[in-house]
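This is what each chain is made of:
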Amino acid sequence: MTYQNMTIIITGASSGIGKAVSLALIPYKPKLVIVARRSDKLRETAEELDKANIDFLPIIGDVRNAEDRNKIIDLTLQEFGQIDVLINNAGIGKANLIVEQPEEEIDELLETNVKALIMLTRKNHPYHEKGRRRTHYQYFFILCFASSLPFCCLFRNKSSSENL
Ligand SMILES: NC(=O)c1ccc[n+]([C@@H]2O[C@H](COP(=O)([O-])OP(=O)(O)OC[C@H]3O[C@@H](n4cnc5c(N)ncnc54)[C@H](OP(=O)(O)O)[C@@H]3O)[C@@H](O)[C@H]2O)c1
């Protein structure tokens, strides 16, 4: 499978894995839509893509926000006319013991790492299905649900069940 000229949305492209994947895609010459909240950090990814002559669209947005999710899909379609691949990478990690994790952190984890990617995928799906490259469309979920939940931090170590 080639990603040449495909339109690829990647969330969380301002740092870490999302930035690395964006840059790793350069040789395939895709049309890239890079998304994140921090404009200064996203600009750094954008500069690298620009240097490599990649056709890209930077979108400042929070995947937890429904309007921003709509903006991601709508602006991508406006700019490139289709969506071939959605890489749901934006996510956060807040390791904590289940008995200590503040409720706001649990909400933030679930909103970002679980709900946002489901909702963005749902928003995107009709365009994938109707797209002229329908046989090619792909979703990627870079985060793992287990790492998104406070429950993975139930135990500090094997013998710490007394911490519960
Ligand atoms: N690294 C690991 O060992 C590991 C292990 C398991 C799972 N993961 C998952 O892999 C993904 C990438 O991790 P990473 O290590 O590359 O983390 P990272 O360097 O912190 O990058 C996270 C990216 O997500 C973006 N982001 C976070 N919340 C967002 C929001 N509400 N809206 C839009 N963008 C948001 C951040 O950009 P802004 O802050 O600019 O918005 C950043 O670009 C995450 O989903 C993480 O949960 C990583």
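Residues numbered from 1 in each chain as written. Predicted model: local features only at pLDDT ≥ 70, side-chain atom pairs only at ≥ 80, totals over all residues.

(A) Spotlight on the overall build of the protein chain. Along the backbone of the protein chain there are five helices and five strands. Reading the secondary structure of the protein chain in the N-to-C direction produces β-α-β-α-β-α-β-α-β-α. Sorting the 164 residues of the protein chain into buried and exposed places 31% on the buried side. For the protein chain, contacts bridging at least 24 residues in sequence account for 70% of all contacts bridging at least 6. (Helix = DSSP H or I, 4+ residues; strand = E, 2+ residues; numbered from the N terminus. Buried ≥ 20, exposed ≤ 12 C-beta atoms within 10 Å, placed from the backbone. Contact = placed C-beta atoms within 7 Å.)

(B) Just the nonpolar core, in detail. Residues Ile-8, Ile-9, Ile-10, Leu-32, Ile-34 and Val-35 are the most contacted members of the largest nonpolar core, which totals 26 residues. With five residues, the top contributor of residues to this core is strand β2 (residues 31-36). The residues contacting Val-35, other than those within four sequence positions of it, are Ile-9, Ile-10, Thr-11, Ala-13, Ile-59, Gly-61, Ile-72 and Ala-90. (Core = buried A, V, L, I, M, F, W, Y, C linked by C-beta atoms within 7 Å.)

(C) Region of the structure containing the environment of Val-63. Tracing the backbone through its elements, the reader meets Val-63 in the loop between β3 (55-60) and α3 (66-80). In this structure the C-alpha to C-alpha distance between Val-63 and Asn-113, which are 50 residues apart in sequence, comes to 9.4 Å. Excluding residues within four positions of it along the chain, Val-63 makes contact with Thr-11, Asp-68, Arg-69, Ala-90, Thr-112, Ala-116 and Leu-120.

(D) Here's a closer look at helix α2 (residues 39-51). Taking 1.5 Å per residue as the helical rise, α2 with its 13 residues ought to reach 18 Å, and the 18 Å between its terminal C-alpha atoms agrees with that figure. Among the residues of α2, Leu-42, Thr-45, Ala-46 and Leu-49 are the ones counted as buried. Taken down its axis, α2 places every buried residue within 100° of arc, on the same side. Facing away from the buried side of α2 by over 90 degrees, the exposed positions are Asp-40, Glu-47, Asp-50 and Lys-51. Lining the buried residues of α2 we find α1 (16-24), β2 and β3. Taken from the residues just after α2, Asn-53 is the one with a positive phi, measuring 60°. (Expected span 1.5 Å × (residues − 1). Arc of directions from axis to C-beta.)

(E) A look at unusual backbone geometry. Positive phi outside glycine occurs at Lys-29, with the angle close to 50°. Looking at where Lys-29 falls in the secondary structure, it is placed in the loop between α1 and β2. Of note in this structure, Asn-53 is not a glycine but carries a positive phi near 60°. Looking at where Asn-53 falls in the secondary structure, it is placed in the loop between α2 and β3. Among the residues examined, Asn-53 registers 9 C-beta atoms within 10 Å and is labelled exposed.

(F) View of α1. Looking at α1, one finds that the buried residues are Gly-18, Lys-19 and Ser-22. Buried positions in α1, seen along its axis, are confined to an arc of 95° and lie on one side of it. Facing away from the buried side of α1 by over 90 degrees, the exposed positions are Gly-16 and Ala-24. Buried residues in α1 make contact with β1 (7-11), β2 and α2.

(G) The arrangement of the environment of Ile-106 in detail. Inspection of the secondary structure puts Ile-106 in helix α4 (residues 103-130). Separated by 10 residues in sequence, Ile-106 and Asn-96 place their C-alpha atoms 9.7 Å apart.

(H) Fine view of the confidence of the model for the protein chain. Mean pLDDT over the protein chain stands at 84; residues scoring 70 or higher make up 79%. Low confidence marks residues 146-164, where pLDDT is under 50. Its contacts with residues over four positions away, or in another chain, come to 28 contacts. (pLDDT = per-residue confidence, 0-100.)

(I) Fine view of the pairing of β1. Of all the five residues making up β1, five are buried; the element is thus mostly covered by neighbouring parts of the structure. Burial along β1 is two-sided: the face carrying Thr-7, Ile-9 and Thr-11 and the face carrying Ile-8 and Ile-10 are both buried. Taken together, the five bridges between β1 and β2 define a ladder with parallel strand orientation. Its bridge partner lying in β2, Ile-9 is registered against Val-33. Chirality of the crossover, the property in question, places the unit of β1, α1 and β2 among those that are right-handed. For β1 and strand β4 (residues 85-88), the ladder comprises three bridges, and the chain directions are parallel. In the strand pairing of β4, Ile-9 is matched with Leu-86. (Pairing = 2+ DSSP bridges. Right-handed = clockwise from strand over helix to strand, strands pointing away.)

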